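Structure at a glance
Single-letter residue listing:
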Amino acid sequence: MTTKPFKNPRAQHGFQGRSCSILSVGSYVPERILTNAELEKMVDTSDDWITSRTGIKERRIAAENEFTSDMAAAAAQRAMQSAGIKAEQIDLIIVATITPDMMFPSTACLVQQKLGARRAAAFDVEAACSGFIYALEIGQQFITSRTYDTVLVIGAEKLSTIVDWTDRNTCVLFGDGAGAAILQSRPKSHGLLTACMGADGDKSDLLYMPGGGSMCPATKNSIAAGLHYLRMDGKETFKNAVNAMLTAAKEALKRCELDITQIKCVIPHQANRRIIEAVGERLGAREDQVFVNLDKYGNTSAASVAIALDEAVSTGVVQRGDLVLLVVFGAGLTWAAAVIEW
Ligand code: ACO
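Residues numbered from 1 in each chain as written. Predicted model: local features only at pLDDT ≥ 70, side-chain atom pairs only at ≥ 80, totals over all residues. Heavy atoms only, no water.

Quick notes on unusual backbone geometry
Residues Phe 104 and Pro 105 are joined by a peptide bond in cis, for which omega reads 0 degrees. Its place among the elements puts Pro 105 in the loop between strand 4 (92-96) and helix 4 (107-115). Cis geometry marks the peptide bond from Gly 332 to Leu 333, where omega comes out at -10 degrees. Tracing the backbone through its elements, the reader meets Leu 333 in the loop between strand 12 (323-330) and strand 13 (334-341). (Helix = DSSP H or I, 4+ residues; strand = E, 2+ residues; numbered from the N terminus.)

Overview of the site of the ligand
Neighbouring residues of the ligand: 27 residues in total, closest Thr 45, Arg 53, Cys 129, Lys 235 and Asn 272. Within the side chain of Thr 45, one N or O atom sits 2.6 Å away from a nitrogen atom of the ligand. One nitrogen or oxygen atom from the side chain of Lys 235 is found 2.4 Å from an oxygen atom belonging to the ligand. Burial of the ligand by the protein chains amounts to 76% of its free accessible area of 1000 Å². Counting atoms within 2 Å of the grid points, the majority share of the ligand lands in the second largest pocket. Counting residues per element, the shell around the ligand draws most heavily on helix 8 (residues 234-255), which supplies four residues. (Near = heavy atom within 4 Å. Polar contact = N/O pair within 3.5 Å; in protein donor to acceptor, adjacent residues only side chain to side chain. Areas by Shrake-Rupley, 256 points an atom, 1.4 Å probe, with all protein chains shown as cover. 1 Å grid on protein atoms, 1.4 Å probe; cavity = no way out; pocket = protein on both sides within 12 Å on 5 of 7 lines; lining within 4 Å. Sits in = over half its atoms within 2 Å of the grid points.)

Here we look at the pattern of salt bridges
Within the structure shown, the criterion is met by 14 salt bridges. Between Lys 57 and Asp 47 there is a salt bridge; the shortest N-O distance is 3.2 Å. Taken as a pair, Lys 57 in the loop between helix 2 (47-54) and strand 3 (58-61) and Asp 47 in helix 2 lie far apart in primary sequence, ten residues in all. Among the residues examined, Lys 57 registers a relative accessible area of 36% and is labelled partly exposed. With a shortest N-O distance of 3.4 Å, Glu 277 and Arg 273 are connected by a salt bridge. Residue Glu 277 and its partner Arg 273 are both found in helix 9 (residues 273-283); the two are separated by four residues, about one turn of the helix. The partly exposed category is assigned to Glu 277, whose relative accessible area is 39%. (Salt bridge = Lys/Arg side-chain N within 4 Å of Asp/Glu carboxyl O. Buried < 20%, exposed > 50% of the residue type's maximum accessible area, 1.4 Å probe, protein only.)

Next comes the structure, spelled out in structure tokens:
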């Protein structure tokens, strides 16, 4: 627990709501491990290149019959078990994903069915790798306003289905998985203190998937042209990621009148170790303050910080009362940073 005071930015402007805390977290990754050595046999790459340029050593790949909703439900069940929450208690399910099972219905509805959460309303959020913090902040509104008591927020992705496994520029970066959080108001805890979110649609062409939507529905030609695979300008994405994450993180700390030394753990989006190091350094964070697990999972987009938060909690890196800074960046472009009193 921090000894210096901090400010709760929500407790102003005559705010009459209640706080919103993360009661518990849970995560799920598929069994199948795809190593850099295996990728060396698939495309013209090397373990050395992938490790030195990204920090990734392996990633998880979902089975053919294992979908985003399955991974999301598995992560949710672990979070529910950890907090002793029953499916009937859940009022709302929000799933952040760019790889829904289908265009519609929402993956959140499929998760609701799999959990048997019959009372819950359900919808998806699409903010790419920033999706989990966007969904947390949306879920928070329902708790603080007393609309709902229990909200389930999930980040889940089966990115292996939108990656071109012949493109070495992108296929080495991504993996599958899911992370979940149960939100409730916890007495005497500030919980989710603030979330700064942003977007820049001018840069939507840096990272996108052209096929499968209303602009370019699936046809024989679109599939032959590989339009249903993600496309990325890696260098520009990298530069924008560092700047946006840094700006959002600084703003979130400033709103809470915190300095980086008061933060127990910085949990950044796990896309590239060099991005994480650049952001950590410029924030003035010590290396041991910054949580990294991308060596095991690669970039799992909306699931990334959720899986990392679960690992940080389950390994005791983050404990009740600690201040945690989450910071993410993704396609859109989108970005977000959140400060949580765990
Ligand atoms: N193996 C070997 N060589 C490769 C590979 C590979 N897997 N991939 C690219 N190269 C080559 C390139 O072809 C290039 O060769 P050339 O110089 O002969 O043209 C060379 O390596 C250098 O490529 P760069 O693009 O300059 O490499 P860079 O250092 O920028 O690293 C990377 C590339 C890892 C993609 C980096 O730019 C990056 O991580 N960018 C950010 C990506 C990101 O975070 N995306 C996710 C956003 S979140 C979301 O919403 C999903």
